Amino acid sequence: MNVLGIETSCDETAAAVVGSRGILADVTVTQAGHAAFGGVVPEIAARGHVELLPSLVRQALAEAGLERPDAVAATTGPGLAGALLVGLSFGQALALGFGVPFVSVNHLEAHLLSAQLENPELEWPFLGLVVSGGHTALYLSAGLGSTRRVAETVDDAAGEAYDKVARMLGLGWPGGPAVDRMAASGDPRAVRFPRPAPGGLDWSFSGLKTAVRQHLSRPDRASDADVCASFQAAVVEVLCDRVVRAARELAVPRVALAGGVAANSELRRVMSSSGLQVFLPARSRCTDNGAMVAYAGRLHALAGHVTEGPAVARPDWELE
Ligand code: KG4
Ligand code: ZN
């Protein structure tokens, strides 16, 4: 079964085809119009999807050598309402036109399952750490459609903290990759930033961001590289600490990483030496992409989970 997957929940417009042999086509455009505003502008994102999606879908089907997929899947939540509506309307109209089933896909489940796309040996149950600009949460995935949240951030997402620190240092947006690069030449022990522990397995990143701001206003402040390395050390330490604890408490020694921050070099290095079985997506597949939607959609279609009647956008769709 060849499934066309459409992703439009934020600022990536993406289309891909996944079949029994894996990824047959995968095209993603990261919209350029947002950087000047220092963040994603929902209206610009939705208009961008309207402009880009038809040609990306045509390209994906051509690359896959398909006139018609066997099902169409689209992200229907969580995400920006207007942006989601573009992808799901387009996807459902295509499915109707082709006379094939339509599958609504949860964006977070797609991120989690995408680890299996590159690592077919990843078996259930596994822990999934989703770390992006909008989400920081740890899930226990016990099977298709059977996932529960084990921990989450009580305030900022990890990627959001990266973006805010980058802004303080004038490093542009999105800031994660810039902070990651700058940290490589800094000393992670230069500044001891706090490691907030709001309780249980949850995270908090807003206090850390405030500590960085306060440090930067000191006359004897560390260099930008040292600040980046020290900030990154604090983020990675608390992320890994909770994952390792959860793995022990739940007796699940497998963890898959997903989301933009999963591309972070220090997070990948520290997680890989945690003693757990760690599944890392290729850096290019950490951020939003169509292949993860096509893959999740394909699994659901094969299990008979198709959407009957009109699909709806669910901007706050929790994965439970
Ligand atoms: O998953 P994603 O593309 O979009 C969502 O937020 O859903 O993630 C983007 C986030 C941004 O906050 C960006 O700064 C962060 O991921 N990011 C990184 C790195 N690459 C991207 N953060 C830390 N280190 C990186 N190498
Ligand atoms: Zn995402």
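Heads up: the structure comes first, above all this text.
Rules behind the numbers
- Positions within a chain are numbered from 1, following the residues in the order the chain's sequence is written.
- Going through the entries in the order they are written, you letter the chains from A and number the ligands from 1.
- The predicted origin of the model limits local features to residues at a pLDDT of at least 70 and limits the giving and counting of side-chain atom pairs to 80 or more, whereas totals for whole chains, interfaces and linings rest on all residues.
- Processing note: side-chain calculations cover all non-hydrogen atoms of the structure and skip hydrogens and water entirely.
- A helix here means a DSSP run of H or I that spans at least four residues, while a strand means a run of E at least two residues long, and both kinds are numbered starting from the N terminus.
- For the radius of gyration, the atom set is restricted to C-alpha positions; the globular benchmark scales as 2.2 Å times the number of residues to the power 0.38.
- Contacts are assigned to residue pairs that have any heavy atoms within 4.5 Å of one another.
- The accessible surface values rely on the Shrake-Rupley method and a 1.4 Å probe; as for residues, cover is taken only from the protein chains in view.
- In this analysis an axis means a line fitted to C-alpha atoms, helices contributing only their contacting stretch, and an angle means the value between N-to-C directions, from 0 to 180 degrees.
- Any angle from 65 to 115 degrees is called roughly perpendicular, while one under 35 is roughly parallel, one over 145 is roughly antiparallel, and all others are oblique.
- Three classes are used, and their members are as follows: Ala, Val, Leu, Ile, Met, Phe, Trp, Tyr, Cys and Pro are nonpolar, Asp, Glu, Lys and Arg are charged, and the others, Gly among them, are polar.
- The working definition used for a salt bridge is a side-chain nitrogen of Lys or Arg within 4 Å of a carboxyl oxygen of Asp or Glu.
- Each residue is placed in one exposure class: buried if its accessible area under a 1.4 Å probe, protein chains only, is under 20% of its type's maximum, exposed if it is over 50%, and partly exposed if it falls in between.
- When we say a residue is near a molecule or strand, we mean one of its heavy atoms is within 4 Å of it.
- In protein, a polar contact means a hydrogen-donor-capable atom and an acceptor-capable atom, both N or O and within 3.5 Å, with residues adjacent in sequence counting only if both atoms are side-chain atoms; elsewhere, any N or O pair within 3.5 Å suffices.
- Paired strands, as defined in this entry, are two strands with at least two bridges between them according to DSSP.
- Note on aromatic pairs: the rings of Phe, Tyr and Trp (six-membered ring only in Trp) are paired at centre separations within 6.5 Å, and the planes decide the class, stacked below 30 degrees, edge-to-face beyond 60, tilted for the rest.

Draft legend 1. Structural detail: the overall build of the protein chain. A tally of regular secondary structure across the protein chain gives 9 helices and 10 strands. Here the C-alpha radius of gyration of the protein chain, 20 Å, is about what a compact globule of 320 residues would show, namely 20 Å. With respect to the principal axes defined by its C-alpha atoms, the protein chain has extents near 65 × 45 × 30 Å. Of the contacts made within the protein chain by residues no fewer than 6 positions apart, 71% connect residues no fewer than 24 positions apart. Of the accessible surface of the protein chain, which amounts to about 13,100 Å², a share of 52% is contributed by carbon and sulfur atoms.

Draft legend 2. Region of the structure containing the packing of helix 4 (residues 158–168) against helix 7 (residues 224–250). Close contact between helix 4 and helix 7 brings their axes to 11 Å; oriented N to C, the two are set at 170 degrees. The orientation of helix 4 relative to helix 7 falls into the category roughly antiparallel. Within the contact between the two elements, helix 4 uses Ala158, Ala161, Tyr162 and Val165 and helix 7 uses Phe231, Gln232 and Val235. Its residues assigned to classes, the contact of helix 4 with helix 7 shows 6 nonpolar, 1 polar and no charged.

Draft legend 3. Molecular detail of the pattern of salt bridges. As enumerated under the stated definition, the model contains 14 salt bridges in all. Glutamate 152 is the partner of arginine 149 in a salt bridge, and the nearest nitrogen-oxygen pair spans 3.3 Å. For the salt bridge of aspartate 224 with arginine 221, the shortest nitrogen-to-oxygen distance reads 2.9 Å. Residue classification places aspartate 224 among the partly exposed residues on the basis of a relative accessible area of 25%. Accessibility expressed as a relative area gives 33% for arginine 221, which makes it partly exposed. Members of the salt-bridge network, linked through shared partners, are Asp156, Glu160, Lys164 and Lys209.

Draft legend 4. Spatial organisation of the site of ligand 1. The full set close to ligand 1 counts 18 residues, and Gly133, Asp163, Gly176, Asp180 and Asn264 are the nearest of them. At a separation of 3.2 Å, an oxygen atom of ligand 1 approaches a polar backbone atom of glycine 159. One of the side-chain nitrogen or oxygen atoms of aspartate 163 is found 2.7 Å away from an oxygen atom of ligand 1. Put simply, the parts of the chain that give the shell around ligand 1 at least two residues each are helix 4 and helix 5 (176–183). Residue composition of the shell around ligand 1, by class: 5 nonpolar, 10 polar and 3 charged.

Draft legend 5. A look at the sheet that holds strand 8 (residues 146–152). Reading across from one edge, 8-7-6-9-10 is the order of the 5 strands in this open sheet, with mixed pairing throughout. At either end of the open sheet lies a strand with only one pairing partner, and these are strand 8 and strand 10 (277–279). Along the sheet, successive strands turn relative to each other by an average axial angle of 25 degrees, direction set aside. Pairing between strand 7 (residues 136–143) and strand 8: 6 bridges, direction antiparallel. Bridge pairing in strand 8 links leucine 140 to arginine 148. Along the sheet, helix 8 (residues 265–272) makes contact with strand 6 (126–131), strand 9 (254–258) and strand 10, crossing strand 9 at roughly 175 degrees.

Draft legend 6. Structural view of the packing of aromatic side chains. Throughout the structure, instances matching the rule amount to 2 aromatic pairs. Consider the rings of tryptophan 124 and phenylalanine 126, whose centres lie 6.5 Å apart with planes at 20 degrees: the pair is stacked. Consider the rings of tyrosine 162 and phenylalanine 231, whose centres lie 5.0 Å apart with planes at 75 degrees: the pair is edge-to-face. Taken as a pair, tyrosine 162 in helix 4 and phenylalanine 231 in helix 7 lie far apart in primary sequence, 69 residues in all. For the pair shown, tyrosine 162 and phenylalanine 231 are each scored as buried.

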